[in-house]
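Structural overview
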Amino acid sequence: MIHRLEIATSSRAQMVDVTREVQRAVSESGVQEGFCHIYVPHTTAGIAINENADPSVAQDILAVLEKIAPRGGSYRHLEGNADSHIKASIVGSSETVLIEGGKLVLGTWQGLFLCEFDGPRRRRLLVKVVEAA
Ligand code: ZN
């Protein structure tokens, strides 16, 4: 089964810490050893693993992405969100995290972030938990 999480974002560009929600899906699966695949089925949002202790790290990441692909830049895509597509491509749509003892194996400062680039919206996050010895 695939766990389908719904995450509401509140601004156009935002990194939402979803570590707790993903851990809940792992706990519900009952899997103790294995891995967890997290997938974002959107073209203007992505998923990243990075520091969730100091919120300024996420702010810096968003600021640098904005420099790489500014909102008001000159693009061919005429929907007005070309920058969002580019930022989502840079961040990527999936992550895989190992599971040990029923817990996500993340570094002390690491968290999972849903990266919103064209919000606010309701976003889906698909989580597939796989048992592996
Ligand atoms: Zn578009």
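About the criteria used
Residues numbered from 1 in each chain as written. Predicted model: local features only at pLDDT ≥ 70, side-chain atom pairs only at ≥ 80, totals over all residues. Heavy atoms only, no water. Helix = DSSP H or I, 4+ residues; strand = E, 2+ residues; numbered from the N terminus. Rg over C-alpha atoms; globule rule 2.2 N^0.38 Å. Buried < 20%, exposed > 50% of the residue type's maximum accessible area, 1.4 Å probe, protein only. Donors = N, O, S within 2.8 Å, 3.2 Å for Na, K, Ca; no water. Tetrahedral: all angles 85-135°; square planar, octahedral: opposite > 155°, others 65-115°. Expected span 1.5 Å × (residues − 1). Arc of directions from axis to C-beta. Contact = heavy atoms within 4.5 Å. Pairing = 2+ DSSP bridges. Axes fitted to C-alpha atoms, helices over the stretch in contact; angles between N-to-C directions. Patch = residues over 30% accessible without salt bridge, like charges linked within 9 Å, V, L, I, M, F, W, Y side chains within 5 Å. Areas by Shrake-Rupley, 256 points an atom, 1.4 Å probe, with all protein chains shown as cover. Salt bridge = Lys/Arg side-chain N within 4 Å of Asp/Glu carboxyl O.

Overview of the overall build of the chain
Within the chain, the secondary structure is distributed over 3 helices and 8 strands. Relative to a compact globule of 133 residues, whose C-alpha radius of gyration would be 14 Å, the chain shows 15 Å and is just as compact. In terms of overall dimensions, the chain has a C-alpha envelope of 50 × 30 × 25 Å along the principal axes. A burial count over the chain gives 41% of its 133 residues as buried.

Some remarks on the coordination of the zinc ion
Surrounding the zinc ion are the protein donor atoms His77 (NE2), Glu79 (OE), Asn81 (OD1) and His85 (NE2), which sit 1.9 to 2.2 Å from the metal. Relative to the metal, the 4 donor atoms surrounding the zinc ion lie at angles of 91 to 154°, and the coordination shape comes out irregular. Of note, the zinc ion draws all its donor residues from one chain, in the sequence arrangement H-x1-E-x1-N-x3-H. Residue classification places Glu79 among the exposed positions, given a relative accessible area of 56%. On the basis of relative accessibility, which here comes to 22%, the residue His85 falls in the partly exposed class.

Remarks on helix α2 (residues 55–68)
Taking 1.5 Å per residue as the helical rise, α2 with its 14 residues ought to reach 20 Å, and the 21 Å between its terminal C-alpha atoms agrees with that figure. Burial in α2 covers these residues: Ala58, Leu62 and Leu65. The arc that holds every buried residue of α2, seen down its axis, measures 60°, which confines them to one face. For α2, the exposed residues set more than 90 degrees away from the buried face come down to Gln59 and Lys67. Tucked into the core, α2 has its buried residues touching β2 (14–17) and α3 (82–91).

Remarks on the sheet that holds strand β7 (residues 110–116)
Pairing is antiparallel across the open sheet formed by 3 strands, whose spatial order is β2-β7-β4. A strand with exactly one partner marks an edge of an open sheet, and here the two such strands are β2 and β4 (45–51). Sheet twist, expressed as the average angle between the axes of neighbouring strands with direction ignored, equals 35°. Pairing geometry for β2 and β7, over 4 bridges, is antiparallel. Within the sheet, the bridge partner assigned to Met15 lies in β7 and is Cys115. Along the sheet, α2 contacts β2 and β4; its crossing angle with β2, the most-contacted strand, is approximately 145°.

A closer look at a nonpolar patch on the surface
A cluster of nonpolar residues, Val64, Ile68, Ile86 and Ile90, forms a patch on the protein surface that exposes about 340 Å² of accessible area. Where the nonpolar patch is concerned, the elements lending two or more residues are α2 and α3. Take Ile68: it is sitting in helix α2.

Thoughts on the sheet that holds strand β3 (residues 34–39)
Taken in spatial order, the 5 strands make up an open sheet running β1-β8-β3-β5-β6, and their pairing is antiparallel. Looking along the sheet, the strands with just one partner apiece sit at the ends: β1 (3–8) and β6 (103–104). Looking at chain direction, β3 and strand β5 (residues 94–100) are connected through 6 bridges and run antiparallel. Paired with Tyr39 across the two strands is Ser94, which belongs to β5.

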